[in-house]
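# An overview of the molecular structure
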Number of protein chains: 2
Amino acid sequence: MARVTITQVAAHAGVSVASASRALNGLIASPQTVAKVQHAAEELGYVADATAQSLKRGRTNQLVYAVADIGNPVYVEMMTAVERVVSASGYRLVLSSMGTLSSSVDVVRDLSRGYVDGMILSPLRVTDELLAVLAKTPVPVVVLGHLPDSQSIDNVRADSRTAMRLVVDHLAAEGRRDVTFVNGPSDTTPGAFRRDGFAAAVAAHPEILARSVEAEDFTIGAGYAAARRVLSGEFRPDAIVAANDLIGIGVIRAAEDFGLSVPGDIAVTGIDNTELAGVVRPGLTSVDLGADERGRAAAELLLQRITDPARPAHTIAVAPSLVVRGSSLARRPDPASSPTRDHTEHTDLNEEREAG
Amino acid sequence: MARVTITQVAAHAGVSVASASRALNGLIASPQTVAKVQHAAEELGYVADATAQSLKRGRTNQLVYAVADIGNPVYVEMMTAVERVVSASGYRLVLSSMGTLSSSVDVVRDLSRGYVDGMILSPLRVTDELLAVLAKTPVPVVVLGHLPDSQSIDNVRADSRTAMRLVVDHLAAEGRRDVTFVNGPSDTTPGAFRRDGFAAAVAAHPEILARSVEAEDFTIGAGYAAARRVLSGEFRPDAIVAANDLIGIGVIRAAEDFGLSVPGDIAVTGIDNTELAGVVRPGLTSVDLGADERGRAAAELLLQRITDPARPAHTIAVAPSLVVRGSSLARRPDPASSPTRDHTEHTDLNEEREAG
DNA sequence: ATGAAAGCGCTAACAG
DNA sequence: CTGTTAGCGCTTTCAT
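For chain A, an unreviewed UniProt entry supplies the name LacI family DNA-binding transcriptional regulator and the organism Arthrobacter citreus.

Listed below in structure tokens is the structure:
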């Protein structure tokens, strides 16, 4: 199918390109002109060329959500929230992954070239290089993830400190005393903040013995491998705090391999409260970091930034909440923690207990 | 940051825009011109405007993967495979979701406007309207998912018939005789083909009593709800074949609610062999439909189509393979099916048995 | 209400 | 090797 241009439509309709353009865009034109043009466009199968239109108008009506780790369902959840907001404002949202194939700096630079009217970024690592590119990019940006406070970039963040406090307080209350934190890479933004949050949280609990290890990344497999190292080591904790749900699920699997009962022998918690947390058995206690809310907030910030580029940068922090499931209940015999418990009366997959 | 154009760079470097363009694009230019231009570009923070470049060149160097159900991890897996191939050829890949927010027809029509040089589509439903739009879209398309044979559109498909046969043969061999198929919506492409495949497969097993129900969609929650209906009904099967892994996981949860042991009381199988199948307990027996392979094949077809638009349309079918895990083992007491089995010697998350 | 013409930022002939 | 010029397809003054 060869591309048909507005010139051809105009010729076919017997009017000038200007009239054709006006008719097509609903600007002032006589009814008969509109009719002729629409008929011609229909007949020829005309669709306006997006690049030409964008060049002329200076807008693409397209926004992008660029994410480092699309394998993590929490980012899918955020994207869905973003899409809901921006599509209501007439924008199309595309997703761009900045994985190992292309660095986040390259992606941002590329996107800055005018393919999109704005972008929301969820980078795993905020390097100086990335900040430099971000500072001089001509397209509006909001970062979904912690940013150094000095930056004048719109920013939506979770509250890792409170999240870790909720988890540690909960474990302490359930009687756990030897807690190991299985972090993701601590040179990532979430890794660094969750590490610091954990340290601060356990500092408030002198009765707790705390240790930390790092998984290679934020995946089930890496969590599994890291937990195997922990469990085969000299000290066997009675609780493992995972830096996210995927790592937490890997930890549960590793505990199972070692013949340990969760939560009987060892409690496990995650972060993000993804759907998976409610699906594995035992259910994974997790901190909800408000993915939907963060996605929504980021989208709204971006739309406002586009509307008013001179507006001062905002930072929004979303409050976390703890969702308790079977994986972290107290050691005392508790029928609720049994995976064969009868749920016949339930209609919900996640038999959870709100807290925090 | 205001956009800086090549005109400004040229002026700053004291050369013509043509020379600036040539220097920037590595075409013939004297070393000193190149130096001056690069220096000027650097200093001004010049980035070529993508829309202008695309308009002029007639290419965007951008491909899109449009998918209906981004919540299903199998599509993420396919996208990753697609990205690997296309990025090796210098294209950027973006993902576009065609969910409830925008129909697939709208997405295709929109994308056809020139934002991308090609697209790979994974639609849930192939309507006549979609086929009509596809037939007249000026940008190369390959469809990842079954297409009517009459279409002259590049197409990569799974082999649902063989997939269902593998599952049913396996269950029959394991001694199951009362098998219920929990399909997704049968008005979707995968739903229709898996339904037909199941029917054909059980037809070869007169010893099996077969029934079917439909889940509202291909999600864990819908699978859970559908399975609850099945299990609270008059006839309780000794095996449930789920139309995909997510539904299968929901089925396992429902069985648990009813106090049924999987696979002791009831076997469960899935389709897609996603990572989740190896993570739930018991491990979910699943048919691998070759997501990686299909993604790769689709990407290659698209690149070839872009290179040679006149090339006849190809159809590629990828062969499935059965991956047996604990959820479908024989009813006879088998320690391997116990969720608390000791896996200390394993280093892999998926203790699976290849077959088929 | 309509047409002629300019021009968005860039690349590619074409002359020199 | 370089500068001048045309033009990608579209929208938008500016006259009429």
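Read on for the rest.
### Here we look at the protein's contact with DNA strand C
Close to DNA strand C lie 24 residues, the nearest being S19, S30 and T33 of chain A together with I6 and Q53 of chain B. Restricting the count to atoms of DNA strand C within 4 Å of the protein gives a sugar and phosphate share of 60%. One of the side-chain N or O atoms of Y46 of chain B is found 2.7 Å from a phosphate oxygen in DNA strand C. Here a phosphate oxygen of DNA strand C sits 2.6 Å away from a polar atom, N or O, in the side chain of Q53 of chain B. Every element with two or more residues in the surface near DNA strand C is listed here: helix 2 (17-24) and helix 4 (50-57) of chain A together with helix 2 (17-24) and helix 4 (50-57) of chain B. Broken down by class, the residue content of the surface near DNA strand C amounts to 10 nonpolar, eight polar and six charged.

### Section: the packing of helix 10 (residues 220-231) of chain B against helix 11 (residues 245-257) of chain B
Residues and elements named next belong to chain B. Contact geometry for helix 10 and helix 11: axes closest at 7 Å, N-to-C directions at 45°. Our classification of the angle between helix 10 and helix 11 gives oblique. Regarding helix 10 and helix 11, the two cross each other, and that crossing is right-handed. Across the interface between the two elements, I220, G223, Y224, A227, R228 and L231 from helix 10 touch L246, I247, I249, G250, V251, R253, A254, A255 and D257 from helix 11.

### With respect to the protein's contact with DNA strand D
What surrounds DNA strand D is a group of 24 residues, the closest being I6 and Q53 of chain A together with S19, S30 and T33 of chain B. Between a phosphate oxygen of DNA strand D and a main-chain N or O atom of D49 of chain A, the distance comes to 3.2 Å. S16 of chain B places a polar side-chain atom, nitrogen or oxygen, 3.1 Å from a phosphate oxygen of DNA strand D. Contributing elements (two or more residues each) for the surface near DNA strand D: helix 2 and helix 4 of chain A together with helix 2 and helix 4 of chain B. Among the elements that take part in the surface near DNA strand D, helix 4 of chain A stands out by supplying four residues, more than any other.

### Things to note about the nonpolar core
Generally speaking, a soluble globular protein has its nonpolar side chains buried in company with each other. Counting residues in each nonpolar core, the largest one holds 106 residues, and the members touching the most others are L231 of chain A together with L231 of chain B. Ignoring sequence-local partners within four residues, the contact set of L231 of chain B consists of R236, I240, A254, A255, F258, L260 and I266 of chain B. Grouped together as the second largest cluster of nonpolar side chains are 55 residues, V85, A291 and A298 of chain A together with L95 of chain B included.

### Topic: the packing of aromatic side chains
Residues and elements named next belong to chain B. Tallying each qualifying case throughout the model produces two aromatic pairs over all chains. Relative to F198, the ring of F181 has its centre 4.9 Å away and its plane inclined at 20°; by these criteria the two rings are stacked. Note that F181 is positioned in strand 6 (residues 178-183) and F198 in helix 9 (residues 189-203), a separation of 17 residues in sequence. Here F181 matches F198 in class, with each residue buried.

### Description of the relation of the copies chain B and chain A
Once chain B has been moved 0.1 Å along the axis and rotated by 180°, it coincides with chain A to within an RMSD of 0.1 Å. What the rotation and shift describe, once combined, is the action of a two-fold rotation axis.

### A word on the pairing of strand 9 (residues 267-271) of chain B
Residue and element names in this part refer to chain B. Counting buried positions along strand 9 gives five out of five residues, so the element sits mostly inside the fold. Covered by surrounding structure in strand 9 are A267, T269 and I271 together with V268 and G270, the residues of both alternating faces. Relative to strand 9, strand 8 (residues 239-242) is paired through three bridges, and the arrangement is parallel. By the bridge assignment, V241 is partnered in strand 9 with T269. Strand direction decides the pairing type here: strand 9 and strand 10 (residues 285-288), joined by three bridges, are parallel. In the strand pairing of strand 10, G270 is matched with S286.

### Some thoughts on the packing of helix 2 of chain A against helix 3 (residues 31-44) of chain A
Residues and elements named next belong to chain A. At a closest axis distance of 9 Å, the pairing of helix 2 and helix 3 adopts a crossing angle of 90°. Judged by the angle between their axes, helix 2 and helix 3 are roughly perpendicular. Residues S19, A20, A23 and L24 of helix 2 form the contact with helix 3, whose participating residues are T33, V34, V37 and A41. A per-class count over the contact of helix 2 with helix 3 returns six nonpolar, two polar and no charged.

Rules of the game
Per-chain numbering applies: the sequence of each chain, read as written, is numbered from 1 onward. As a convention, the first chain written is A and the first ligand written is 1, with the rest following in written order. Note on the predicted model: pLDDT of at least 70 is required for a residue's local features to be given, and 80 or more for side-chain atom pairs to be given and counted; whole-chain, interface and lining totals, by contrast, use all residues. To get the side-chain values, all heavy atoms of the structure are used, and hydrogens and water are removed first. Near residues are defined by distance, with any heavy atom within 4 Å of the molecule or strand qualifying the residue. Identification of polar contacts relies on pairs of N or O atoms within 3.5 Å, with a donor-acceptor requirement for protein atoms, meaning one able to donate a hydrogen and the other able to accept it, and with residues adjacent in sequence counted only if both atoms are side-chain atoms. Only DSSP runs of H or I reaching four residues or more are called helices, and only runs of E reaching two or more are called strands; each is numbered from the N terminus. Think of it as three bins: nonpolar holds Ala, Val, Leu, Ile, Met, Phe, Trp, Tyr, Cys and Pro, charged holds Asp, Glu, Lys and Arg, and polar takes everything else, Gly as well. Interaxial angle, 0 to 180 degrees, is taken between N-to-C directions of lines fitted to C-alpha atoms, where a helix line uses only the stretch in contact. Each angle is binned into one of four classes, with values under 35 degrees roughly parallel, values over 145 roughly antiparallel, values of 65 to 115 roughly perpendicular, and all other values oblique. In this scheme, a crossing is called left-handed if the near helix is turned counterclockwise away from the far one by less than a right angle; it is called right-handed if the turn is clockwise. Contact between two residues is taken to exist if any of their heavy atoms lie within 4.5 Å; hydrogens are not considered. Residues enter a nonpolar core if they are buried and are Ala, Val, Leu, Ile, Met, Phe, Trp, Tyr or Cys, with the set joined through side-chain atoms within 4.5 Å. Categorising residues by exposure relies on relative accessible area from a 1.4 Å probe, with only protein chains included: less than 20% of the type maximum marks a residue as buried, more than 50% marks it as exposed, and the intermediate range marks it as partly exposed. Here is the rule: rings of Phe, Tyr and Trp (six-membered ring for Trp) pair when centre to centre is within 6.5 Å. Planes less than 30 degrees apart are stacked, more than 60 are edge-to-face, and the remainder are tilted. The least-squares superposition of copies is restricted to C-alpha atoms, and to residues with a pLDDT of at least 70 in both copies. Pairing between two strands is assigned when DSSP locates at least 2 bridges connecting them.

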